[in-house]
Amino acid sequence: MPDDELVSAHLQELRRGTVVLACLLILERPNYGYALLDQLERSGFAVDANTLYPLLRRLEKQGLLTSDWNTEESRPRKFYRTSDQGKALADALRRDWDALDGAFRALNDDSALNVSKGEP
């Protein structure tokens with residue numbers, strides 16, 4: 001079995017892209033950073049604030065998110081929303097994710113079938 005550091009590095013790499021897609025999907029409804037962080041965590045995406053906020057700024061700079069400041073409350077909050085371009089990207093990423101999921105399931109089914117037949 002690979003050592004913990006190696007597994008951790010590969011899990012981080014695997015999850016990096018999934019967080020982008022999760023943010024684009026969640027932010028189809030406006031939300032602010034801390035609430036997004038909480039929603040991601042409750043949905044099974046462990047993301048550190050020091051990772052999320054730079055990601056939000058990058059997605060906004062790329063035109064995938066828009067933002068507005070809400071100053072009506074005692075503490076101003078920056079609300080993010082997925083832009084039309086971000087929605088188009090999320091749709092493309094979701095289609096690819098579904099295709100990859102199907103491919104992985106097929107690999108697992110083939111592996112299970114081969115094992116039941118006594119093949120390596």
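Our structure's up above, just so we're on the same page.
As the structure is a computational prediction, the values presented were derived from the model and not from experiment.

The rules behind each value
Residues numbered from 1 in each chain as written. Predicted model: local features only at pLDDT ≥ 70, side-chain atom pairs only at ≥ 80, totals over all residues. Heavy atoms only, no water. Phe/Tyr/Trp six-rings, centres within 6.5 Å; stacked < 30°, edge-to-face > 60°. Helix = DSSP H or I, 4+ residues; strand = E, 2+ residues; numbered from the N terminus. Buried < 20%, exposed > 50% of the residue type's maximum accessible area, 1.4 Å probe, protein only. Lys NZ or Arg CZ within 6 Å of the ring centre and 35° of its normal. Pairing = 2+ DSSP bridges.

A. How the structure looks around the packing of aromatic side chains. One pass over the full model with this rule turns up one aromatic pair. Taken together, a centroid distance of 5.5 Å and an interplanar angle of 65° make the contact between Tyr32 and Phe79 edge-to-face. Remark: Phe79 occurs in strand 3 (residues 77–82) and Tyr32 occurs in strand 1 (residues 31–32); sequence separation between them is 47 residues. Take Phe79: its relative accessible area is 21%, and that puts it in the partly exposed class. Positioned above the aromatic ring of Tyr32 is the side chain of Arg77, whose terminal nitrogen or guanidinium carbon lies 4.1 Å from the ring centre.

B. Looking closely at the sheet that holds strand 2 (residues 65–70). Pairing is antiparallel in the open sheet, where three strands are placed in the order 1-3-2. In this open sheet, the two edge strands, each paired with only one partner strand, are strand 1 and strand 2. Looking at chain direction, strand 2 and strand 3 are connected through six bridges and run antiparallel. When the sheet's bridge partners are listed, Leu65 is paired in strand 3 with Thr82.

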